[in-house]
Amino acid sequence: MDEFFFEVVEITQSVWDGILFGSTYALIGIGFTLIFGAMGKLNMAYAGAAIAGAYVGLAVSMLFDAPIILVFVASALVSTMMGYLIYQTCFRFIPTHNHLAALMASVGGLFLIDEVIVHATRGSPLNFPAIFEDAYFEMGPFGIRGDLLFVFFIGLVSTVVLLYVLFRTRLGIATRAVAQQDVAAQLCGINVHNTNSITFSIAGLLGGIAGAMTAAAVGVLSPVMILPLTIKGLIVTVIGGLGSIPGAIIAGLFVGGLENLFLYVRGIDERDMYVVALLFIFLVFRPNGLFSKTITRD
Amino acid sequence: MLKIKSISKHFGGVKALNGLDLEVEEGVIYGVIGPNGSGKSTLINVICGIFPPNKGDVIFQGQSLSGKPTHQRSKTGIARTFQNIRLFPSLTVWQNLWVARNSVEDINTESRFYRWFGKSNIVKKEIKEMLEFSNLENRADELASSLAFGEQRRLELARAVATKPRILLLDEPAAGMNKDEIRDLDSRIRNLQLQGITIILIEHVMELVMGVTDRIAVLNFGSKIAEGNPQEIQKNEAVQEAYLGYSEDD
Amino acid sequence: MDFYLNLINTIGIHTMLGLSAYLLLQTGQLSLAQAGFFAVGAYTAAILTVIFQWNIIPAVLAAMLLAGFLAFLVGFPALRVKGLMLVVATIAFSEFVRMFFYNLKWRVTRDGEEIGPDGTMGFAEIRYFSDNGWSNLDVTLFLWTFVIIIMVVVWWSDNTRAGAVLRAVGEDELAASSVGINLTIIKVSAMTVGGFIAGLSGGLYAHQVTSLDHHSFTVLLGTFAIAYPILGGLSNVFGTLVAVIFIQGLLVEGLRFIGDWRMILFGLLIVLAMNFKPLGLFDKQTVSMVKRAMRLKT
């Protein structure tokens, strides 16, 4: 009986930690979904920009011996700029209806970012500072990791700020207008290209935060993190429903929690297979995701 | 030949078709007119199987079309054109017709093998005839996207005819046409009728409708408010009210 | 000499991989699943020759059939998932296949030696060619026989009604079904044939490289598979071949001149190519321009 109780506690602990960590997936998912909502396109270079931002943040901290908080701010800022850059180079000049070319261009961007990182660091992983890594709260049989709590908290704050910007500022309204009807938005005097570049920048900001948070939670920064983060981000976006922010949030936490459950039950080698299988289940039963904004772009 | 039985179709709260009853006899040119939003395009989409109706049924040559997907309806002999032209832009004129032509399984003389190798003389001859009918013979190898507007409309019509239909649904074919083009379209439609094809013409351009149709149904708010030959319809008060908001006697 | 034979082999395999995606892209299905079918073909053929001691030709053909059958099964659910969601779903599928083989352990002892796929250690000792006395030239000719056959088949498809129907479906599904084309049959067939081709090339690949590692079958391979036909243009089989030669030549030869920067250049190249020639390097306009220019010369 004790054994059983212990198992339950362990599993719950795992899932709980996963949910906290899942806030990073949620941010990445929001980033993908923002861009999809605005342009109907997938930015495959997104997670690359997020991790790249974390690298620069790390470099800044190493060069200037600055407080840790600066690392995260630097990461976020760099990723914001990269988001803008990616828009200009991979999406702005490609005709809207040509999904293939935009996809390939952002894939090219992903290769580029990945290779630059590998080059600059000679492929070796780097240690990433964590915040509040020693903090650990106990609640009965459960422990709450302080660093994960911080990650979750930052994710929460970012999301709230984002929602405020989207729904209460002129910029946000313009973004949503372009997302829903870009021709009509133009007729109302909204510059679509400017709005889209701002959307990409905002997404980049979230990505940079997510990248830095992921690295902080794991303690390590390495280019091999880019691809799995991309895939998990895409899975979260699709499960949540392409174009839906609440969907991305819930899906992110959901995937984070389940991922740790799979890890506990089946080990690290098989964990990701189950996450992918989860996606397939969703595609079968709810192909449009949890909250779909069924965008029929013909 | 074609019966629309009490069809109702709504999208959310909007009732596009409301208990509509129509009967189109074989060999006629049947016009469907009505103010914008009266359900004309929805009618074509329901007949072609793009949306299933919420209520009612479409009966074609005595058989219900219920549950049949679009491509199957095309195979039973229903063809259509689109209001905003839907050609295959990166295919040539010839290929646009080719794709539509072999869909019909009526060649017993040549083997499938020949047809799939593109060497079927029967197919080549038929496509050539259709190109001549549409005055597009010397444009055969051009991409459909490079055609002028009028040529595109002719190609769209030819492509629909290429499927060897028994009934042809034309969705506002005269939109954007000048008087010469309308006259040309009028004679083409009559020509098709002589070839034995029944035609349903959905149109706004009154001179075409009144000039070429045998019977007309008038829709408003998804149901039929009048039916008759062109002269009767022109005089009909309900029709005038629907279009103009008042009738001549007001 | 061996170096060039290797390059020619790689070009052949990648051309087949590209052609497997070519048909699918024509029907408008953005599939990154080719890497998955490729992997299935590779492991199946290798297992058949190594563990079951089959002759290479039936092994490769069996691999082709299995991959094709899997593609057939994938083709149906793929119908329900539109556009960019299909990209994510096929990425997930390829990853699932990769992870499956990463975990596959099937060891058999023969002549005192352990052979077969060894889970995370990969699958080495695929020695059919060397065991049976094939020279490197023999391998190249054998491989390219298949490549030529596939190229002819796809070229044939392009020039008959089949090719026009595939492209009609890709351009406008509504118009296509309105003229009697059965979308389901066409799209699933394209997926199945794509699976056959990918499986075939995978089977040949396994024996050419003699050892398989899950790193070869990542999403990267899937993006290469669609990159070739996109760069080469979807109207011409030779476009894909030229794109493969160009890219592989750049990656391999470029090693000599620009060293490790070749991958960075590669990413940059894709981004540039998509901005300036979004319809591929060999789109219809370029082809007719070249034709006209050649006519002027003579």
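Data block above holds the structure.
Given the structure is predicted, the values throughout are model-derived calculations rather than measurements.

Asks: Explain the arrangement of the chains to me, using residue names and the numbers behind them.
Replies: Inter-chain contacts occur across two pairs of chains; the most extensive set of contacts lies between chains A and C. In this structure chain A stays clear of chain B, and the shortest span between their C-alpha atoms is 12 Å.

Asks: An account of the sheet that holds strand β2 (residues 14-24) of chain B is needed here, citing residue identities and associated values.
Replies: Picture the strands of a sheet paired through backbone hydrogen bonds; they go either parallel or antiparallel. Residue and element names in this part refer to chain B. The four strands lie next to each other as β2-β1-β4-β5, forming an open sheet whose pairing is antiparallel. Each edge of the sheet is formed by a strand with only one pairing partner; in this case those strands are β2 and β5 (63-64). Relative to β5, strand β4 (residues 55-60) is paired through two bridges, and the arrangement is antiparallel. The partner of Ile-59 across the bridge, within β5, is Ser-64. Here helix α1 (residues 40-47) sits on the sheet and contacts β1 (2-11), β2 and β4; the angle it forms with β2, its principal contact strand, is near 65°.

Asks: Tell me about the pairing of strand β3 (residues 29-33) of chain B, residues and numbers included.
Replies: Residues and elements named next belong to chain B. Of all the five residues making up β3, five are buried; the element is thus mostly covered by neighbouring parts of the structure. Alternating residues of β3 divide into Ile-29, Gly-31 and Ile-33 and Tyr-30 and Val-32, and every residue in both groups is buried. Alignment of β3 against strand β8 (residues 198-202), held across four bridges, turns out to be parallel. Following the sheet pairing, Ile-29 is matched in β8 by Ile-199. Pairing of β3 with strand β9 (residues 215-220), which is carried by four bridges, proceeds in the parallel orientation. Residue pairing across strands places Tyr-30 opposite Arg-215, the latter belonging to β9.

Asks: I'd like a rundown of the interface of chain B and chain C, residues and numbers included.
Replies: Reports of interface size often rely on the accessible area that becomes lost once the parts have come together. At the junction of the two partners, chain B supplies 23 residues and chain C supplies 20 residues. Classifying every residue of the side of chain B that touches chain C gives 10 nonpolar, nine polar and four charged.

Asks: Which residues make up the sheet that holds strand β10 (residues 223-228) of chain B, and what values do they have?
Replies: Residue and element names in this part refer to chain B. With mixed pairing, the six strands of this open sheet are ordered in space as β6-β7-β8-β3-β9-β10. Only two strands of the sheet have a single partner each, and these edge strands are β6 (78-80) and β10. For this sheet, the mean inter-axis angle between neighbouring strands, taken without regard to orientation, is 20°. Contacting β3, β7 (167-171) and β8, helix α7 (residues 179-194) crosses the sheet at an angle of about 150° to β8.

Asks: Give me the lowdown on the interface of chain C and chain A, citing residues and values where you can.
Replies: Facing the 35 residues of chain C at the interface are 38 residues of chain A. Taken together, the elements giving at least two residues each to the side of chain C that touches chain A come down to α3 (56-80), α4 (83-102), α10 (219-232) and α12 (262-276) of chain C. Looking at the side of chain C that touches chain A element by element, the count peaks at 13 residues for α4 of chain C. A per-class count over the side of chain C that touches chain A returns 25 nonpolar, seven polar and three charged.

Asks: Go over helix α7 (residues 161-171) of chain C with me, naming the residues and quoting the values.
Replies: Among the 11 residues in α7 of chain C, nine count as buried, and that is most of the element. Residues Arg-161, Gly-163, Ala-164, Val-165, Leu-166, Arg-167, Ala-168, Val-169 and Gly-170 of chain C constitute the buried set of α7 of chain C.

Asks: Can you lay out unusual backbone geometry for me, pointing to particular residues and giving the numbers?
Replies: All names here are of chain B. Non-glycine residue Glu-172 carries a positive phi angle of around 45°. Here Glu-172 is to be found in the loop between β7 and α7. With a phi angle near 50°, Phe-221 is a residue other than glycine that sits in the positive phi range. With respect to the helices, strands and loops of the structure, Phe-221 is situated in the loop between β9 and β10.

Asks: Explain the pairing of β8 of chain B to me, using residue names and the numbers behind them.
Replies: Residues and elements named next belong to chain B. Where burial is concerned, most of β8 is hidden: five out of the five residues are buried. Every second residue of β8 is oriented toward a common face, with Thr-198, Ile-200 and Ile-202 on one face and Ile-199 and Leu-201 on the other, all of them buried. Pairing geometry for β7 and β8, over five bridges, is parallel. Counterpart to Leu-168 in the pairing with β8 is Ile-199. Handedness of the crossover joining β7 and β8 through α7: right-handed.

Asks: Please set out the environment of Ile-231 of chain A residue by residue, giving values where relevant.
Replies: Looking at the secondary structure, you find Ile-231 of chain A in helix α9 (residues 226-240). Classification of Ile-231 of chain A as buried rests on a count of 22 C-beta atoms within 10 Å. As for Ile-231 of chain A and Ala-47 of chain A, which are separated by 184 residues in sequence, their C-alpha atoms are 9.0 Å apart. Beyond its immediate chain neighbours, meaning those up to four positions away, Ile-231 of chain A contacts Ile-91 and Glu-95 of chain C.

Conventions we followed
Residues numbered from 1 in each chain as written. Chains lettered and ligands numbered in written order. Predicted model: local features only at pLDDT ≥ 70, side-chain atom pairs only at ≥ 80, totals over all residues. Contact = placed C-beta atoms within 7 Å. Pairing = 2+ DSSP bridges. Helix = DSSP H or I, 4+ residues; strand = E, 2+ residues; numbered from the N terminus. Axes fitted to C-alpha atoms, helices over the stretch in contact; angles between N-to-C directions. Buried ≥ 20, exposed ≤ 12 C-beta atoms within 10 Å, placed from the backbone. Nonpolar A, V, L, I, M, F, W, Y, C, P; charged D, E, K, R; others polar. Right-handed = clockwise from strand over helix to strand, strands pointing away.

Nothing here speaks to function; it is all geometry.
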